[in-house]
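Spelled out, the chains give:
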Amino acid sequence: MAESDRSPLKHFVVAKKKISTIFDQLLEYITEGADFVEKTYRNTELKQIATEQQASMIHGYTKKLAVISEVLARNHMKVAFFGRTSNGKSSVVNAMLWDRVLPSGIGHTTNCFLSVEGTDGDKAYLMTEGSDEKKSVKTVNQLGHALHMDKDLDAGCLVRVFWPKTKCALLRDDLVLVDSPGTDVTTKLDSWIDKFCLDADVFVLVANSESTLMNTEKHFFHKVNERLSKPNIFILNNRWDASASEPEYMEDVRKQHTDRCINFLVDELKVVEREQALNRIFFVSAKEVLNSRMQRAQGMPEAGGALAEGFEARLQEFQCFERTFEECISQSAVKTKFEQHTIRAKQITETVKGIMDDINIQAADKRINSLKERDDKVDQLDYVRSQLGLLTEDIKGKIKAVTEEVETKVSSAMTDEICRLSGLVDEFYSDFHPSPQVLELYKNALHKHIEEGMGRSLADRCSNAVNASVQNSQQNMIENLKPLLPSSVQCQLHMLIPCRKFDLSYDLNFSSLCTDFQENIEFRFSLGWTSLVNRFLGPKNAHRALLLMESSAQIPRRLATTPSAPNIHALTQENVSQEEIMFSIGTGLASLTSKSSMTVVIVTGVVWRTIGWRLIAASFSLYGLLYLYEKLTWTTRAKERAFKQQFVDYATKKLQMVVRFTSANCSHQVQQEMATTFARLCQQVDLTQKNLSEEISRLTMKIDQLDAVQHHSKTLRHKATGLETELDSFIKQYLQPQQ
C-alpha cells in the first residue's frame, strides 16, 4: 500500500485539481468580465466603448467554461481491458485492485461491460445502464449472481460497479477500470468503440500466452486505431505460469510471443516506436498475483501455497507492468483530458484580454476627448459669465442714455405743442350752445379733439425718432449678446426675440386733466365796474377786492381800531403788501359808494360847472351806445370764442403741469421696452449658462465613468495575465514532455 501512496496516478489527481481550480477562477473571471462588458455596452453615456458582439462573445464563453468545468469534475483516468473470452481480463483487474471485485474463474464469464470506480461510501453497489437504482453488492458472488439474473443485459450494456475507496488504493486516484466481454462474442465492434473506447486513456490487450494473438483481437484494435490517434496499448500475455512446466522452451516461446506482439504494435498498428515496444509487452500470471496479494492482505506470506516455479519473476514483471501502466495512463490522461481544455482556456483568456485592451483604449480615447470638451465648455462658461457682466453694465448705461434722450425730446415737443394749443382749439368745430347739456357734449368732443391732435403731433415729431433709436439699441444688444449664445440659438434668435415697431403712448388723459374747468360766458361790459377792476388788478385780485367791497358795504365800520387780538392769524410776509393794497382800494371804493346823496349832488354840481352838461351827456350817450353795441354783438359765436379762449388759458396751465410727468412716462415706456428685450436676451444667455453647466456636469460624470471603465478593464486584463501565467505553468508542468 505504501507503493500505491507514491503512485504516478497522483500526477493526474494533482493535475486535475489544479486545472479545475484554474477553470473555476477562469469562469469567475469571465463571468465578471461578461457583466462588466454588458454594463458598459448598455450604458448610453458610454457609446462605442464596448460592442454587442463583444458582450455576446464573452457571455458565450461563460456557458462554454461552465460545461468544461462540469466535464473536468467528471473526468477520470480510464483503462479498458479487451481480449478473447476466458483470457483472464477480470483476473487482471482483480489483481490490480488487490481484491476479488469482479467475478472470475470457472463458471464466470463476463457477459457485458463492467466499469469499476471508487466511491467515498463504505458500501459497494452497482448501477445498470438506463437506471438510477443503486443495487447493493456485498460480495463477489452477489455481484456475479446479480449480473447473471439480469436478463436485460447484453454484450453492449454497461454496468457500473462502485467499490469503496477504503478497500482499494488504486480507486482513490480517479481511475476507472473497464472489463469487457470477449472480442469474439460479437461483431458489433464499431458500437463498442464508439460507446466505451473513445474516452479511454489506455487499452490493455489480455492475451493467452498458451496461444498466439488471434485475428479477432487484432481486428478489434485495428478498428480502435482507426478511430483514435495512436492509442496507448499494453499487451499482457496472461497465464505465463504455464511455461514453468516446460522451462527448456520458455525463452523461445517468450521470444516468439514478443516478436509477434512487437510486429503487431510497430508494424501493423504503428502506435509506438520499436525501441519503446518492449515496455508495452509483459508476461504475467494474474491469478497468481491476485492470490498472493490476497494472502498478504490476510497476513500470510505472498509466496505461500501451491505456486509454480518462477513466481517471483512473474510477480515482479506484473509490478513492472503496473508502474509502467500508471506512468503511461497518468501522462496520457493528463494530456488527453486536459490539453485541449487548456488550449481552449488560453484562447479564451487571450481573446478576453484583447477585448479588455480594446475597451481600455476606447475608454482612454473617449476620456481624452471628454476632458478636452469639458475644458472647452468651462472656458466657454467663464467667458459667457465675464462678458455678460461687462455687457450688462454697458447696456444699462445705454438704456439710461436713450431714456434721458427720449424724455428731453418728448418734453421739448410737448412744450412746443402747448404753445400751439390755441391754433389746435381754433381748428375744432362743433355745435355750441350755452345750455349745460350742450356745453358738456361740446367739452367732451373738444377734449377728444385736443388729445388726438396733440397725440398725433407728438407722434409725428417723436415716435419715428424714438422707434429708430429703440430698434437701433435693441439691435446693438442682440449683436453684443449674440456671440454668447450657441449657434443653434443664434439662428433662431429672430424668432425668440422678434424685432417689432415700438410706438410711444402719449396718454394725456385730457378729460381728467380738465375735469374742473368752469367756463364763464355771461355778458360782461368791457367798461363796466367789474371789467375795469379785473383789468387793473387782475382776475384773481379783482375777485377778492370785489368780495371785500361787498362785505364792507354790509358791515358797519368801527369807530376806532384796536390792536389785533392774539387769536387772529398773522399774515405771511409775502402777502402783506398785496393785502394792504386790496384793503385800501376796497375801503376807498366802499367809502365812495356809501356817501350820502348830498355828497353825490355836490360832486355832480362841481363836475357840471367844470366841464359842462353837454360833454357829460355826450359821454353818457357814447357809453350807452358802446354798451348797447357790445350787448347786441354778444352772440353764440362770441360766447364760443370766449369759451375757447378761457379753455386755452386753463388747459395751457394744466398741460404745463403734466409736461414732466408725460415725458417721464414716455421715457419709462422706452426703458421698459429695452429692458424687456435685454431680459429676454439675458434669459437666453442664462439658459445657455445652464446648459453649459449641465453639459459640464454630464461630461464630469462621463469622465468618472470612463475612469472606472479604464480601471476595471486594466484590472481584468491583469487578472487575465495572471490566469495565462497559471495556464502556462500548468502546461509546462503537466503537458510538455519532461527533459
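Rules and cut-offs
- Residues numbered from 1 in each chain as written.
- Predicted model: local features only at pLDDT ≥ 70, side-chain atom pairs only at ≥ 80, totals over all residues.
- Heavy atoms only, no water.
- Helix = DSSP H or I, 4+ residues; strand = E, 2+ residues; numbered from the N terminus.
- Expected span 1.5 Å × (residues − 1).
- Buried < 20%, exposed > 50% of the residue type's maximum accessible area, 1.4 Å probe, protein only.
- Contact = heavy atoms within 4.5 Å.
- Axes fitted to C-alpha atoms, helices over the stretch in contact; angles between N-to-C directions.
- Parallel < 35°, antiparallel > 145°, perpendicular 65-115°, else oblique.
- Left-handed = near helix turned anticlockwise from the far one by under 90°.
- Nonpolar A, V, L, I, M, F, W, Y, C, P; charged D, E, K, R; others polar.
- Pairing = 2+ DSSP bridges.
- pLDDT = per-residue confidence, 0-100.
- Phe/Tyr/Trp six-rings, centres within 6.5 Å; stacked < 30°, edge-to-face > 60°.
- Lys NZ or Arg CZ within 6 Å of the ring centre and 35° of its normal.

Turning our attention to helix H10 (residues 286–297). With 12 residues, H10 should reach 16 Å at 1.5 Å per residue; the first-to-last C-alpha distance of 16 Å fits that figure. Among all positions in H10, only Ala286, Glu288, Val289, Leu290, Ser292, Arg293, Met294 and Gln295 are buried. Buried residues in H10 make contact with helix H4 (89–97), strand S8 (232–238) and helix H11 (311–419). Positioned one or two residues after H10, Gly299 has a phi angle of 90 degrees, which is positive.

What follows is about the packing of helix H2 (residues 9–42) against helix H22 (residues 636–735). The geometry of H2 relative to H22 is characterised by a closest axis approach of 11 Å and an angle of 160 degrees between their N-to-C directions. With respect to H22, the element H2 is oriented roughly antiparallel. Here the hand of the crossing between H2 and H22 comes out left-handed. Class assignment of the residues belonging to the contact of H2 with H22 gives a composition of 14 nonpolar, 8 polar and 5 charged.

Counting buried positions along strand S5 (residues 158–164) yields 5 of 7 residues, so the element is predominantly enclosed. As paired elements, strand S2 (residues 113–119) and S5 share 7 bridges and run parallel to each other. Opposite Thr119, over in S5, you have Pro164 as the bridge partner. Here strand S3 (residues 125–128) pairs with S5 via 4 bridges, running antiparallel. Its bridge partner being in S5, Leu126 is matched across the sheet by Val161.

This part is about the confidence of the model for the protein chain. Of all residues in the protein chain, 81% attain a pLDDT of 70 or more, and the chain-wide mean is 80. Helix H1 (residues 2–5) is the least confidently modelled element of the protein chain, averaging 44 in pLDDT, while strand S9 (residues 281–283) averages 93, the highest of any element. Per-residue pLDDT stays below 50 along residues 555–578; that stretch engages in 5 contacts with residues further than four places along the chain or on separate chains.

Attention shifts here to the packing of aromatic side chains. Taken as a whole and assessed by the stated rule, the structure comprises 22 aromatic pairs. When the centroid spacing of 4.7 Å and the interplanar angle of 20 degrees are considered together, the rings of Tyr125 and Phe162 count as stacked. Placement of Tyr125 in strand S3 and of Phe162 in strand S5 is noted, with a sequence separation of 37 residues between them. We classify Tyr125 as buried; its relative accessible area is 15%. Among the residues examined, Phe162 registers a relative accessible area of 7% and is labelled buried. Grouping aromatic residues by their ring pairs yields a cluster made of Phe82, Phe113, Phe203, Phe220 and Phe221. In this arrangement the basic side chain of Lys167 is found over the ring face of Trp163, its NZ or CZ atom lying 5.7 Å from the centre. Note that Arg280 overlies the ring of Phe234, its terminal NZ or CZ placed 5.1 Å from the centroid.

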